[in-house]
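Listed here are the chains, written in short residue letters.
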Amino acid sequence: MGTALVYHEDMTATRLLWDDPECEIERPERLTAALDRLRQRGLEQRCLRLSAREASKEELGLVHSPEYVSLVRKTQVLGEEELQALSRQFDAIYFHPSTFHCARLATGAGLQLVDAVLTGAVQNGLALVRPPGHHSQRAAANGFCVFNNVAIAAAHAKQKHGLHRILIVDWDVHHGQGIQYLFEDDPSVLYFSWHRYEHGRFWPFLRESDADAVGRGQGLGFTVNLPWNQVGMGNADYVAAFLHLLLPLAFEFDPELVLVSAGFDSAIGDPEGQMQATPECFAHLTQLLQVLAGGRVCAMLEGGYHLESLAESVCMTVQTLLGDPAPPLSGPMVPCQSALESIQSARAAQAPYWKSLQLQDATPVATSPSTHSPEGRPPPLLPGGPMCKAAAPAPAPARSSFLDQPCLCPAPSVRTTVALTAPDTTLVLPPDVIQQEGSALREETEAWARPHKSLAREEALTALGKLLYLLDEMLDGQVNSGIVATPASAAAATLDVAIQRGLSHGAQRLLCVALGQLDRPPDLAHDG
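These numbers were taken from a predicted model, which means no experiment stands behind them.

Asks: I keep staring at the nonpolar core and nothing clicks. Help me out?
Replies: In summary, soluble globular proteins display a tendency toward joint burial of nonpolar side chains. By size, the foremost hydrophobic cluster in this structure holds 120 residues, and its most contacted members are Leu 128, Phe 147, Ile 168, Trp 171, Trp 194, Tyr 238 and Leu 259. In terms of residues, this core owes the most to one element, helix H8 (residues 235–253), which gives eleven residues.

Asks: What exactly am I supposed to notice about the packing of aromatic side chains here?
Replies: Applying the stated criterion to the full structure yields 16 aromatic pairs. Relative to Phe 242, the ring of Trp 194 lies with its centre 5.6 Å away and its plane at 50 degrees, an arrangement referred to as tilted. Note that Trp 194 is positioned in strand S5 (residues 189–196) and Phe 242 in helix H8, a separation of 48 residues in sequence. For the residue pair Trp 194 and Phe 242, the accessibility class agrees, reading buried in each case. Ring pairs connect the aromatic residues Trp 171, Phe 192, Trp 194, Trp 228, Tyr 238, Phe 242, Phe 264 and Phe 282, which therefore count as one cluster.

Asks: Where do I start with helix H3 (residues 66–73) in this structure?
Replies: Side chains three or four residues apart in an α-helix point the same way, a direct result of the helix having 3.6 residues per turn. Within the sequence span of H3, burial applies to Tyr 68, Val 69 and Val 72. Seen end-on, H3 carries its buried residues on one side only, within an arc spanning 100 degrees. Structural note: H3 exposes Pro 66 and Glu 67 on the side pointing more than 90 degrees away from its buried face. Against the buried residues of H3 lie helix H2 (57–60) and helix H5 (99–118).

Asks: Whenever I open this one, unusual backbone geometry confuses me. Can you help?
Replies: Leaving glycine out, the prevailing phi sign among residues is negative, and the prevailing peptide bond configuration is trans. In the segment running from Arg 130 into Pro 131, the intervening peptide bond is cis, with an omega of 0 degrees. With respect to the element layout, Pro 131 can be found in the loop between strand S3 (124–127) and helix H6 (149–161). Note that the residue after Trp 203, namely Pro 204, is joined by a cis bond; omega there is 10 degrees. Examined against the element boundaries, Pro 204 turns out to sit in the loop between S5 and strand S6 (223–228). Look at His 199: it is not a glycine, yet its phi comes out positive at around 55 degrees. Considering the arrangement of structural elements, one finds His 199 in the loop between S5 and S6. The class of His 199 is exposed, set by a relative accessible area of 53%.

Asks: Please explain the environment of Val 297 as it appears in this structure.
Replies: Inspection of the secondary structure puts Val 297 in strand S8 (residues 297–301). Sequence separation between Val 297 and Leu 257 is 40 residues; the distance between their C-alpha atoms is 6.4 Å.

Asks: How do you make sense of the layout of surface pockets when you look at a structure like this?
Replies: Taking a probe equal in size to a water molecule and rolling it over the atoms shows the remaining empty space. Here the largest pocket defines a volume of roughly 1400 Å³. Lining the largest pocket are 35 residues, and of these Leu 471, Met 474, Leu 475, Leu 510 and Leu 511 sit closest to its centre. Counting residues per element, the ones that place at least two in the lining of the largest pocket are helix H9 (279–289), helix H15 (458–475), strand S11 (479–484) and helix H16 (491–504). At six residues, H16 tops the list of elements feeding residues into the lining of the largest pocket.

Rules and cut-offs
Residues numbered from 1 in each chain as written. Predicted model: local features only at pLDDT ≥ 70, side-chain atom pairs only at ≥ 80, totals over all residues. Heavy atoms only, no water. Core = buried A, V, L, I, M, F, W, Y, C linked by side-chain atoms within 4.5 Å. Buried < 20%, exposed > 50% of the residue type's maximum accessible area, 1.4 Å probe, protein only. Helix = DSSP H or I, 4+ residues; strand = E, 2+ residues; numbered from the N terminus. Phe/Tyr/Trp six-rings, centres within 6.5 Å; stacked < 30°, edge-to-face > 60°. Arc of directions from axis to C-beta. Contact = heavy atoms within 4.5 Å. 1 Å grid on protein atoms, 1.4 Å probe; cavity = no way out; pocket = protein on both sides within 12 Å on 5 of 7 lines; lining within 4 Å. Points joined across faces, edges and corners; volume = space filled by probe spheres on them.

Treat this as a map of the structure, not an account of what it does.
Here it is in C-alpha cells:
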C-alpha cells in the first residue's frame, strides 16, 4: 500500500529573529537537510508525497484550550519586540509572525498522515514537520513546541476513526511531558518515552519524568517512562529498551495504531542528547514497531539538531517504512549497566499493571559484565553528565566514521520469493512476492545431499536445489527473504545443508529457529 511523506515548504518560514543561544538550534535547515537527503537517496520519489494542510480550529481544540489557540493566532500581527516579550513567558520558545501558520501545517500534516493510513491509502508514513510538538501542553507552548502534533493526531484517530488503543512511542531525547499530561489518565493511549534524565538534572527537570510516573486514575500503567541517567547510550541500549520493556507491553496492549514522536536528538552527534546511537539503529527500531498494529505506523518529526545525523536518521526511518532491510548495527551489542538499571527500574514500576512483566520478572533482565572498560564507548560528544560504558574488547568507532561514511544498503531487487517443488499457477501472491523458478545445478545439489539418506528421494532433492539457489540469491544480496517447501521427513537434513551452505558462503553468525518437532542436525557446530 506504500509509504506517505507529508511536508510543506512553508514550514521553513518560522525562524528566530533575535539572539537566544537556547533556541537558535531549532532552525529551518532541519527540514531542508532531511528533505534534501531523502531526495539524494531516491527515497522521496518512492513515497506517496502529500502536501500538508493547516489544522482547523476544531482540530487544535482536541487538546488545546481556545484561549491558547487564540493567543498563538495573535502572533501573526505582533512586532519583533512584542514577539520576544511573549516568548519570554514560556520555557524555551520563540514566536515568529509565521509561527501560527507553520504550527497549523505541522499539526495538519500529522492528521493527513493518520487519515491516509487509517483509510488504507498507505501502510505507513512520515510527517516531516516543524515546529515540533511533544512538549506543548493544553494552554502552554514549551521547548520549541507550539501545538502538540502527535497528541492531536491521537485524539483525532479516536474521534474520527473510532480507535480504542493507540501506542505513542517517543524516542526523542527529551521527555515529552506535554503528551504525558494530556493522556496520563486515559487507558486508550499507551505512552512510552525514553529520555535523558540524569536523576532530574536534565531539561525539563521534572520529577514526573522518572520511571515511577506511571499515569493517574484509569490511566495507571499507560504512561511508561524510561529515564536515561547517563549520556552515551548507544545501539545496544536502545534495542534492549525495546526488547525488554516496550515490546512486551505493546504486544499485551495490542494497539490499532502506532504514532512515533520521532526526535533524532537521541542519535549520535546531537549536542542536546550526547548519545551514541547510530542512524542505522532507527531503522531497527522502526522495523520492530512495524510488527504492531498491522504495520500502521505514523512517524512525526520532533527534535534533532545535528543536521547530518538528523538527515541520515530520517533516511533510515523512511527506507525501513518502505520495506527495505535494516542495515547491520555497528559496535558491541552489550547494554551498559546504567541502561540495564533504568530498564529494570521501569519494568518494576510497570509490573503491577502488566501480566507480561509479572511473568517475565521471575527472571531478571540479563546484566552486562561487572567490569566496564572506559574504551568500550567513544568519549562524550560534549562535556556533560557521566558516560554510559559497556564492556567491549575494542574501542568503538569514532562518531565521524558513522556520519561521514553512512552505511548504504541498497534494497534487494526482490523482497521475497516462494520456492515450490512444482510451480503453482493458481497461487495468488502480493505484488512484491514472486515464485522462484531457478534451482541449483543438479550435480551440486546431489553433492550436498549425499551424506543424508533422507535427501535421496526426488521430491527432497528438488526442494534442496530450490533452497540452495535461494540461499545464494540471499547471500549475494539479490533477494531479501524467502520460503522453501520441503518434505517433513527431510526437514532436519535440509536445515543441516542450509547451515553448512551459509557457512561455506562466508557467513560468520547464523540464527536457526525451529518451530515444532525437529531433530537437531548432528553436525551442528558448538563454537558459538
